[in-house]
Amino acid sequence: MGDLLRRILEERQGQFVSGQEIGNRLGVSRAAVWKRVESLRSRGFGIEGARGAGYRLVSSPDVIDESELLARLVRPTFWKSFLVYSATDSTNSRAVEQAEKGAPDGTVVCADAQSSGRGRFGRRWESPPGLNLYLSMLLRPPIEPHLAPQLTLVTAIALAKAVESAAGIPTGLKWPNDLYLGGRKAAGILAEMSADQDRLRHVVIGAGLNVNADSVDFPEELRDKATSLRISAGRSFRRVEVLALFLDAFADCFDQFLSGGFEALHHEWSSRSFLDGKRVVLRHRDEDVEGTVMGVDENGALLFRRHGAVRAERLHSGEIVTFAR
Ligand code: BTN
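A brief structural summary.

Parameters and conventions
- Numbering of residues starts from 1 in each chain and follows the order in which that chain's sequence is written.
- Note on the predicted model: pLDDT of at least 70 is required for a residue's local features to be given, and 80 or more for side-chain atom pairs to be given and counted; whole-chain, interface and lining totals, by contrast, use all residues.
- As a rule here, side-chain values come from all non-hydrogen atoms in the structure, and water together with hydrogens is ignored.
- Secondary structure elements are defined from DSSP: runs of H or I of at least 4 residues count as helices, runs of E of at least 2 residues count as strands, and each element is numbered from the N terminus.
- To estimate how far a helix should reach, multiply one less than its number of residues by 1.5 Å.
- Exposed residues in this analysis have more than 50% of their type's maximum accessible area, buried residues have under 20%, and partly exposed residues fall in between, with area computed by a 1.4 Å probe over protein chains only.
- Note on ring pairs: Phe, Tyr and Trp rings are taken, using the six-membered ring of Trp, and paired if centres are within 6.5 Å. Classes follow the plane angle, with under 30 degrees stacked, over 60 edge-to-face and the rest tilted.
- Strands are labelled as partners when DSSP assigns at least two bridges between them.
- As a rule, the C-alpha atoms of each element are fitted with a line to give its axis, helices using only the stretch in contact, and angles between N-to-C directions run from 0 to 180 degrees.
- The way it works is a 1 Å grid over only the protein atoms, where trapped points that fit a 1.4 Å probe form a cavity and open points with protein on both sides within 12 Å along at least five of seven lines form a pocket, and then any residue with an atom within 4 Å of a point lines it.
- Grid points are joined across faces, edges and corners, and a volume is the space filled by probe spheres set on the points.
- Three categories are distinguished: nonpolar for Ala, Val, Leu, Ile, Met, Phe, Trp, Tyr, Cys and Pro, charged for Asp, Glu, Lys and Arg, and polar for the others, with Gly belonging to the last.
- Oblique is the label for any angle not covered by the other classes, which are roughly parallel (under 35 degrees), roughly antiparallel (over 145) and roughly perpendicular (65 to 115).
- Handedness of each helix crossing follows the sense of rotation of the near helix against the far helix: counterclockwise by less than a right angle gives left-handed, clockwise gives right-handed.
- Two residues qualify as a contact provided that any one of their heavy atoms is within 4.5 Å of a heavy atom in the partner residue.
- Within this scheme, the nonpolar core is defined by two criteria: the residues are buried Ala, Val, Leu, Ile, Met, Phe, Trp, Tyr or Cys, and they are joined through side-chain atoms within 4.5 Å.

## With respect to helix 6 (residues 150-167)
- Taking 1.5 Å as the rise per residue, helix 6 with 18 residues should run 26 Å; its terminal C-alpha atoms sit 26 Å apart, in good agreement.
- Across the 18 residues that make up helix 6, a large majority, 15, are buried.
- Directly beyond the C-terminal end of helix 6, a positive phi value near 65° is found at Gly-168.

## A few points about the packing of aromatic side chains
- A full pass over the atoms with the stated rule returns eight aromatic pairs.
- Judged by centre distance (4.7 Å) and plane angle (70°), the rings of Phe-78 and Trp-79 are edge-to-face.
- On the accessibility criterion, Phe-78 (14% relative accessible area) is buried.
- Among the residues examined, Trp-79 registers a relative accessible area of 5% and is labelled buried.
- Seen from their ring centres, Trp-79 and Phe-250 are 6.0 Å apart, and the 40° between their planes marks the pair as tilted. Here the residue Trp-79 occupies a position in the loop between helix 4 (66-72) and strand 3 (81-88), and Phe-250 occupies one in helix 8 (residues 239-260), the gap between them amounting to 171 residues. Taken individually, Trp-79 and Phe-250 each receive the classification buried, so the pair is uniform in this respect.
- Chaining the aromatic ring pairs together yields one cluster made of Phe-78, Trp-79, Phe-246, Phe-250 and Phe-254.

## Considerations on the pairing of strand 12 (residues 302-306)
- Pairing of strand 11 (residues 287-296) with strand 12, which is carried by five bridges, proceeds in the antiparallel orientation. Looking at strand 12, one finds that Thr-292 is bridged to Arg-305.
- Hairpin connection between strand 11 and strand 12: a loop of five residues separates the two successive antiparallel strands, and Gly-300 in this loop has a positive phi of roughly 85°.
- As judged from the three bridges shared by strand 12 and strand 13 (residues 313-315), these two strands associate in the antiparallel manner.

## A few points about the sheet that holds strand 10 (residues 279-284)
- Taking strand neighbours across the sheet as the criterion, the five strands line up as 13-12-11-10-14 in an open arrangement whose pairing is antiparallel. The open sheet has two edge strands with one neighbour each: strand 13 and strand 14 (319-323). Along the sheet, successive strands turn relative to each other by an average axial angle of 50°, direction set aside.
- Of the strand pairs in this sheet, strand 10 and strand 11 are connected by six bridges, and their pairing is antiparallel. Note that in strand 11 the partner of Leu-282 across the bridge is Val-289.

## Overview of the layout of surface pockets
- As a volume, the largest pocket reaches approximately 870 Å³.
- Every residue lining the largest pocket is counted, 43 residues in all, and those nearest its centre are Arg-123, Arg-124, Trp-125, Lys-185 and Leu-222.
- Those elements that place two or more of their residues in the lining of the largest pocket are helix 5 (91-100), strand 5 (133-139), strand 7 (178-181), strand 8 (184-195), strand 9 (200-209) and strand 14.
- Its residues assigned to classes, the lining of the largest pocket comprises 17 nonpolar, 13 polar and 13 charged.
- Approximately 570 Å³ is the volume found for the second largest pocket.
- Looking at the lining of the second largest pocket, the elements that each hand over two or more residues are helix 6, strand 8 and strand 10.

## A look at empty space enclosed by the protein
- Inspection of every chain in the model, using the stated rule, returns one cavity of 30 Å³ or more.
- The space that makes up the largest cavity amounts to roughly 40 Å³.
- Lining the largest cavity are Leu-173, Lys-174, Trp-175, Trp-269, Ser-273, Leu-275, Asp-276, Val-293, Leu-302 and Ile-320.
- For the lining of the largest cavity, the per-class residue count stands at seven nonpolar, one polar and two charged.

## Details of the packing of helix 6 against helix 8
- At their nearest, the axes of helix 6 and helix 8 sit 8 Å apart, and the two run at 135° to each other. For the element pair helix 6 / helix 8, the angle class is oblique. Along this stretch, helix 6 crosses helix 8, giving a crossing that reads as right-handed. In this structure, helix 6 uses Gln-150, Leu-151, Val-154, Thr-155, Ile-157, Ala-158, Leu-159, Lys-161, Ala-162, Ser-165 and Ala-166 to contact helix 8, whose residues at the interface are Val-242, Leu-245, Phe-246, Ala-249, Phe-250, Cys-253, Phe-254 and Phe-257.
- Per-class residue counts for the contact of helix 6 with helix 8 are 15 nonpolar, three polar and one charged.

## Details of the nonpolar core
- Ranked by internal contacts, the top residues of the largest apolar core, which has 69 residues, are Leu-209, Leu-247 and Phe-250.
- Among residues more than four places away in sequence, those in contact with Leu-209 are Asn-132, Leu-133, Leu-159, Val-163, Leu-179, Ala-186, Ala-187, Leu-229 and Val-242.
- Core analysis: the next-biggest nonpolar cluster, separate from the first, contains 13 residues, Ile-8, Val-33, Leu-40 and Phe-45 among them.

This is how it looks when you write it as structure tokens:
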């Protein structure tokens, strides 16, 4: 109840709409209009009422609402289905479940909170309610399975573009799946795929982006490592706005990837890769190796020169565990 009233108030962009006009459009009495206003207020909408003038919308709650998301998307038809949860264990788990039930390519699963948000290497992803974005995309791209890991890098580029347009701040990418703002991690990506020998069945790409979290919202041990758009930009954001920017950026990057391979996006990665030329410790096959990041190649592999080596090697897996900020 209240979605039509909401649309009427939104149409007027903060101007008053008389109770009489609302009543006529909804086909209800003025007393019933008042009841619907109260119901919207209880859902977090700020509605001012003035005798003689009517009602006007002054603020909307920061929730992921499918119709608002669709209205904000430049490329809504790229996405075929949206599932929005107020809470779930993990959006990746929900998306995998959807994939197994035959959900279409271009399905998006979002949640306001996750009780068991998963990170890489079995880590936990902090997912408190009301603050951040937790989403998973189900894709069925016509690519060979060995190319699927490149989609993690494609997603990181799209996240970077969304953050740059929403907040106007520079972003940094850390191979293969992290987005950094001011030397601290703001987002991570977890891709899970299902494939037969030479056919990719589906890939689920989950992204967690800290949007409005403040440092006190992170557990103590993460406070000097993690950040959010709000901490970095000094203001808060409507999550649905950032989500729409991300989904549009992803649709564009994905199309470029399908037509030109990762090579077509290589410059987008390299211009944001903040560890190039830096000494790091890389965890590779359970071993910690010191060396220098030399960039990524046109297939998205890390170019890494071990300490003392002359040439860089191309690595397809691993994690940079230590670096100078
Ligand atoms: C990492 O940096 O280790 C990856 C973090 C990925 C977190 C996201 S939040 C949405 C999706 N659902 C999950 O359970 N994980 C991913």
